[in-house]
Amino acid sequence: MTHLTLNGDSIESAAATLAALLEERGLATTKCATAVNEAFVPATARASHPLHPGDRVEIVIPTQGG
């Protein structure tokens, strides 16, 4: 298990990559923006982007409304 910060919350995760984290969280098919340690990670790079203990991950899901 790896200790991460996800959207400001401390979590433990078995995910080795950003794509695996999204899948673990039930967000694999959700349109979203992702960043690790304040660096944007495009959807095409998520499967190859490794996660390391202490990484700060942000997942932003756009919402509609007014």
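First, a word on scope: everything that follows refers to the structure included in this document. All figures in this text were calculated on a predicted structure; none of them were measured in a lab.

## Concerning the overall build of the protein chain
Within the protein chain, the secondary structure is distributed over one helix and five strands. Scaling as 2.2 N^0.38, a compact globule of 66 residues should have a C-alpha radius of gyration of about 11 Å, and the protein chain matches this with 11 Å. The C-alpha extent of the protein chain, read off along each of the three principal axes, is 40 × 25 × 20 Å. Taking all 66 residues of the protein chain together, 32% fall into the buried category. Within the protein chain, contacts between residues at least 6 apart in sequence are counted, and of these 51% link residues at least 24 apart. Across the protein chain, 4 positive and 7 negative side-chain charges occur, with their mean positions spaced 8 Å apart.

## Digging into the pattern of salt bridges
Tallied over the full model, the rule gives one salt bridge. Of the charged contacts in the structure, one is a salt bridge between arginine 56 and glutamate 38, with a shortest N-O distance of 2.6 Å. Taken as a pair, arginine 56 in strand E5 (residues 56-60) and glutamate 38 in the loop between strand E3 (33-36) and strand E4 (39-41) lie far apart in primary sequence, 18 residues in all. For arginine 56, a relative accessible area of 37% translates into the label partly exposed.

## What to know about the side chain of serine 13
Here serine 13 shows up in strand E2 (residues 9-13). The buried category is assigned to serine 13, whose relative accessible area is 0%. Side-chain polar atoms of serine 13 contact the side chain of glutamate 24, separated by 2.7 Å. Excluding anything up to four places from it in sequence, serine 13 contacts Met1, Thr2, Leu4, Leu21 and Glu24.

Cut-offs applied
Residues numbered from 1 in each chain as written. Predicted model: local features only at pLDDT ≥ 70, side-chain atom pairs only at ≥ 80, totals over all residues. Heavy atoms only, no water. Helix = DSSP H or I, 4+ residues; strand = E, 2+ residues; numbered from the N terminus. Rg over C-alpha atoms; globule rule 2.2 N^0.38 Å. Buried < 20%, exposed > 50% of the residue type's maximum accessible area, 1.4 Å probe, protein only. Contact = heavy atoms within 4.5 Å. Lys, Arg positive; Asp, Glu negative; His and termini not counted. Charge placed at Lys NZ, Arg CZ, Asp CG, Glu CD. Salt bridge = Lys/Arg side-chain N within 4 Å of Asp/Glu carboxyl O. Polar contact = N/O pair within 3.5 Å; in protein donor to acceptor, adjacent residues only side chain to side chain.

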